[in-house]
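Letter by letter, the chains look like this.
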Amino acid sequence: MKKKDDQPENSSWYRDEGEVLRTMQRNHGSRGPAPRIPGLRDLHSVGSGGQGIVYSGIHKRTGRRVAVKVLREDGSPGVMGPRRFEREIDLCRTLRHPGIARLLGSGTTFEGRRYLVMEYIDGVPLDEYWETGVETEEFLGAFRKICDTVFHAHQRGIIHRDLKPGNIRIDLQGRPRILDFGLAKPVSRSSIEIESLSSTGDFLGSLPWASPEQVAGNKNEIDVRTDIYSLGVLLYQALSGSFPYDISGNLKEVLHNITDTPPRPLKLKGYGSLRDLERVVFRCLQKDPDRRYPTALSLSEDIGRIQRGEPVEQSKQSLWTGFRRLWARHRTATIASIALVLGLTVFGSAMAILYRKTSLAEEEKSIALDETRKTKLRVEAVNEFLLGAFIPGCFSPEGKLLVDPESLRLTDAVANAATRLEEDPSLKDRPGVRADLHQAMCFWYAALNDLDLAERQAEKAIALTEEAFGPDDPDLATPLQSLGWICLQRGESKEAESFLQRSDDLRRTGDPAKRIPTLRLLVTCAQHLGDQAKYRSRLEELLPLLVETQGEDSPGAINVRAALE
Amino acid sequence: MQTQSTHVSLLHRLTGSGQDSTAWFEFHNRYGELLRSFCRRRGLQSQDSDDLVQDVLLSLSRSLPGFRYDPSRGRFRSYLKTIVLRAISRKSCQKPEEVPLEQIEKLVADPETDQQWEVEWRTYHVRRALSRLGKEFRERDRTAFVQYALEGQSVERTAKGLSMSVDQVYQAKSRILKRIGRLIEEQIEEEG
């Protein structure tokens, strides 16, 4: 016999509150009764999320209130195997910080489902806290504590990956406490994960705070800066009451907004340093992780500066990144920018060569003086050539601009320099200088996104060096690395790996700092080739170099440590 | 994340070029649990139910490109029910090409099947309304609703555990229930 509540009565059933409630009870009951967990009593559900149902309960012996998260039977998104699960648990147990809800235990229920016992945080979720009309100054203080807590975990190689208001609670003493550190799995859009994510709703629930690299499914790009992005969304939301971009459309539009749409201007009233605050938020929300704050600590420090009325640190970006962006925007370069970039390049090349030669010289003390003198001469020749090749006819002897800046294109100037390099009789017997110049041309063509010409220049640099100084000359390392980079851009990972490996071999005896960029590219190769073992071994090789040259807690070292987790 | 006309626009996105993988993701997110639950009700094992959901999505991907959803010509839920029953029938026969159409028609018209589908469809609406409820209510009120209205805990105990008054618990229940009803009404209107 059928139960009464199983029978559809009318098409307007939703207007009958009793019927709606019965349907809800049936749905809720399908979760089954509260689990039985040894040592705990009075379990009541207090919520549910992507990973499972959360209960509050009482620890029988101590009478303490605890939170219990019973993981979904079918495994949570990203399906964590038992060994990985145990490893994560062990790692999270090591996190001891007043800002992190402690993991007290874990196990399997009588019904065979995995559970976690955590400190129960009586209080409100972060968004309810900011909605209570808390003063901006006070909120910023709490937010800084959140950043400091996140930094503490990052230093231990643990990334949260799912920072959102529901995972941060303000306790009864007004202290922010972060939940689920290290337990949240990366959000990814890969085909396999869509299945499990979609069945739990976890993906959609976390989407507004997810970083561009997360929604693009670039798991390998997820590092500490992913958390910085989510912190940026939180801060934006708290200050303005809305999200940085529209999240009300369909999934495709929302994903597009996260990966490509710049954040809307921050409308903030009643706080003095609006511009600085906006700058801080926008730096967190950069689509490119390289342009975000490198650490949660630097973010916290900038907010501290705002609170004290000091100027924030300017967004730092590399010359290379800046140039690429500038070039992408303005295909026609002005004389002024050429002169500026040229000056920087000559300076950069000269510094790079000097640096390289100086470090070599330190190792080979016997020829130090000669080498330094040779280097100086070589740099002077490079300088002289570049100035002559790029600028002739553009400036009068008094420095006055002679041509229409709009008519001069950077590509033409580089092509002109490359041609002159082939023909210049004064360089005929100076293979070292010519090799350096070809390498400089290689950089320029790479900057102009002409990989074929960049490749040709690198090959020439290699041929000249090998011919003049032999196949083991350390100067070969840079053009070999360039070839590796070019192959990587083309997706030819196997070829890239062989060039980069040779480059790295040549650098093993020199300054360890110089190996870092090569090893980073080798890590990328291993990723592209799907070689997990090599990926790890490269990272393991990279880590001590980063620690030695940049420090134990440098962003580079933290990221690599996190990637090794 | 969803707006009023999303249901119809989602179906139109599905019937488009077929390349919009996010539309499939959304569709799966929205109807996956309904389909799985209905399959279990029809006696399928958990693994088979998952396979069947895939099968339904595949069927839709084949039939939808030529199909323009027109709410005036029939309810989407009836259309979806037919597809699901067809898939269940295929699954039980294991001979995809040999399912007589009459058998499907019979199943579609069967009152018991109809009733099961209706129950699942209501549960789907309730689940969806709950997920849309989101942050409209404070966490404390939502928890009170779950403990008191859904789990049957006494009002006094619920109030004490959450540091609320008994009246506040009653109010939370009443307000949330009303809101859920309105959300479901919206969803059903949107569905057509």
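Up top is the structure.
Residues numbered from 1 in each chain as written. Chains lettered and ligands numbered in written order. Predicted model: local features only at pLDDT ≥ 70, side-chain atom pairs only at ≥ 80, totals over all residues. Heavy atoms only, no water.

Undergrad: Any details on the overall build of chain A? Residues and values, ideally.
TA: From N to C terminus, chain A includes 22 helices and eight strands. Relative to its full complement of 565 residues, chain A shows a buried share of 51%. For chain A, contacts bridging at least 24 residues in sequence account for 61% of all contacts bridging at least 6. If you sum the accessible surface of chain A, you get close to 26400 Å²; carbon and sulfur atoms cover 52% of it. (Helix = DSSP H or I, 4+ residues; strand = E, 2+ residues; numbered from the N terminus. Buried < 20%, exposed > 50% of the residue type's maximum accessible area, 1.4 Å probe, protein only. Contact = heavy atoms within 4.5 Å. Areas by Shrake-Rupley, 256 points an atom, 1.4 Å probe, with all protein chains shown as cover.)

Undergrad: Can you break down the overall build of chain B residue by residue, with the values?
TA: When helices and strands are counted, chain B shows nine helices and zero strands. Taken from N to C terminus, the helices and strands of chain B fall in the order α-α-α-α-α-α-α-α-α. Expressed as a percentage of the 192 residues in chain B, the buried residues total 50%. Entry remark: accessible area of chain B is about 9200 Å², with carbon and sulfur atoms responsible for 48%.

Undergrad: Talk me through helix α4 (residues 136-155) of chain A; I want residue IDs and the actual numbers.
TA: Compared with the 28 Å implied by 1.5 Å per residue over 20 residues, the 28 Å span of α4 of chain A between its first and last C-alpha is a close match. Of the residues trailing α4 of chain A, Gly157 of chain A is marked for its positive phi of about 80°. (Expected span 1.5 Å × (residues − 1).)

Undergrad: Could you give an account of the interface of chain B and chain A, naming the residues involved and the relevant values?
TA: In this assembly, 44 residues from chain B lie in contact with 45 residues from chain A. Summing the contributions of chain B and of chain A, the shared interface buries around 4300 Å²; its carbon and sulfur component is 57%. With its nearest N and O atoms 3.7 Å apart, the salt bridge here joins Glu128 of chain A to Arg138 of chain B. Our count for the contact surface shared by chain B and chain A stands at eight residue pairs in polar contact (both at pLDDT 80 or more). Looking at the side of chain B that touches chain A, the elements that each hand over two or more residues are α2 (21-41), α6 (111-133), α7 (139-150), α8 (155-161) and α9 (166-191) of chain B. The greatest single-element share of the side of chain B that touches chain A, amounting to ten residues, is contributed by α6 of chain B. Class assignment of the residues belonging to the side of chain B that touches chain A gives a composition of 14 nonpolar, 13 polar and 17 charged. (Buried area = accessible area lost by both parts, 1.4 Å probe. Salt bridge = Lys/Arg side-chain N within 4 Å of Asp/Glu carboxyl O. Polar contact = N/O pair within 3.5 Å; in protein donor to acceptor, adjacent residues only side chain to side chain. Nonpolar A, V, L, I, M, F, W, Y, C, P; charged D, E, K, R; others polar.)

Undergrad: Which residues make up the environment of Arg507 of chain A, and what are the values?
TA: Residue and element names in this part refer to chain A. Mapped onto the secondary structure, Arg507 falls in helix α19 (residues 493-507). The sequence separation of Arg507 and Pro474 amounts to 33 residues, and the corresponding C-alpha distance is 6.7 Å. Side-chain polar atoms of Arg507 contact the side chain of Thr518, separated by 2.8 Å.

Undergrad: How would you summarise the sheet that holds strand β8 (residues 176-178) of chain A if you had to cite specific residues and measurements?
TA: Hydrogen bonding along the main chain pairs the strands of a sheet, whether they run parallel or antiparallel. All names here are of chain A. Taken together, the three strands give an open sheet; going across it, the order is β6-β7-β8, and neighbouring strands pair in antiparallel fashion. Looking along the sheet, the strands with just one partner apiece sit at the ends: β6 (123-125) and β8. With strand direction ignored, the average angle separating the axes of adjacent strands in the sheet is 30°. Sheet analysis places β6 next to strand β7 (residues 168-171), joined by three bridges and oriented antiparallel. Residue pairing in the sheet places Val124 in a bridge with Ile170 of β7. (Pairing = 2+ DSSP bridges. Axes fitted to C-alpha atoms, helices over the stretch in contact; angles between N-to-C directions.)

Undergrad: Describe the pairing of strand β4 (residues 103-108) of chain A, and please don't skip the residues or the numbers.
TA: All names here are of chain A. Examined bridge by bridge, β4 and strand β5 (residues 114-119) share five bridges and lie antiparallel to one another. Looking at β5, one finds that Leu103 is bridged to Met118. Hairpin remark: β4 followed by β5, antiparallel, with five residues in the connecting loop; positive phi at Gly112, about 90°.

Undergrad: Lay out the side chain of Thr226 of chain A with the relevant residues and their values.
TA: Examined against the element boundaries, Thr226 of chain A turns out to sit in helix α8 (residues 224-240). Using a relative accessible area of 0% as the deciding quantity, one classes Thr226 of chain A as buried.

Undergrad: Before we move on, could you go through empty space enclosed by the protein and cite the residues and values that matter?
TA: Residue and element names in this part refer to chain A. For the structure shown, the criterion picks out eight cavities of 30 Å³ or more. The volume enclosed by the largest cavity comes to roughly 70 Å³. In terms of lining residues, the largest cavity is bounded by ten residues, among which Cys92, Ile100, Ala101, Leu103 and Phe181 are the most central. Split by residue class, the lining of the largest cavity holds eight nonpolar, no polar and two charged. (1 Å grid on protein atoms, 1.4 Å probe; cavity = no way out; pocket = protein on both sides within 12 Å on 5 of 7 lines; lining within 4 Å. Points joined across faces, edges and corners; volume = space filled by probe spheres on them.)

Undergrad: I'd like to hear about helix α10 (residues 274-284) of chain A, residue by residue, with values.
TA: Residues and elements named next belong to chain A. Those residues of α10 not exposed but buried are Asp276, Leu277, Val280, Val281, Arg283 and Cys284. Within α10, the buried residues cover an arc of 165° as seen down the axis, which keeps them to one side. Each element contacted by the buried residues of α10 is listed here: α4, α8 and α11 (296-307). (Arc of directions from axis to C-beta.)

Undergrad: Tell me about the packing of α4 of chain A against α11 of chain A, residues and numbers included.
TA: Residue and element names in this part refer to chain A. Between α4 and α11, whose axes approach to 8 Å, the crossing angle comes to 160°. It follows from the interaxial angle that α4 and α11 lie roughly antiparallel. Judged by the sense of rotation from one axis to the other, the crossing of α4 with α11 is left-handed. Taken together, the residues of α11 that come into contact with α4 (itself represented by Glu137, Leu140, Gly141, Phe143, Arg144, Cys147, Asp148, Val150 and Phe151) are Ala296, Leu297, Leu299, Ser300, Glu301, Ile303, Gly304 and Gln307. Across the contact of α4 with α11, the residue classes break down as nine nonpolar, four polar and four charged. (Parallel < 35°, antiparallel > 145°, perpendicular 65-115°, else oblique. Left-handed = near helix turned anticlockwise from the far one by under 90°.)

Undergrad: Would you mind going over the packing of aromatic side chains in detail, with residue names and values included?
TA: Taken as a whole and assessed by the stated rule, the structure comprises eleven aromatic pairs over all chains. Plain terms: the ring middles of Phe38 of chain B and Trp117 of chain B are 4.8 Å apart, the flat faces sit at 85° to each other, and that makes the pair edge-to-face. A residue pair is termed long-range when its members are at least 10 positions apart, and Phe38 of chain B in helix α2 and Trp117 of chain B in helix α6 qualify at 79 residues. According to the relative accessible area criterion, Phe38 of chain B is buried, its value standing at 0%. Classification of Trp117 of chain B by relative accessible area gives buried; the value is 4%. An angle of 75° between the planes, with centres 5.8 Å apart, marks the rings of Tyr148 of chain B and Tyr170 of chain B as edge-to-face. In this pair, Tyr148 of chain B is assigned in helix α7 and Tyr170 of chain B in helix α9, connecting sequence segments 22 residues apart. For Tyr170 of chain B, a relative accessible area of 40% gives the class partly exposed. Taken together, the ring pairs connect Tyr31, Phe38, Trp117, Trp121 and Tyr124 of chain B into an aromatic cluster. Here the guanidinium or amino end of Arg65 of chain A rests over the ring plane of Tyr120 of chain A, the centre of that ring lying 4.2 Å away. A cation over a ring is seen here: Arg283 of chain A above Tyr293 of chain A, with NZ or CZ 4.3 Å from the ring centre. (Phe/Tyr/Trp six-rings, centres within 6.5 Å; stacked < 30°, edge-to-face > 60°. Lys NZ or Arg CZ within 6 Å of the ring centre and 35° of its normal.)

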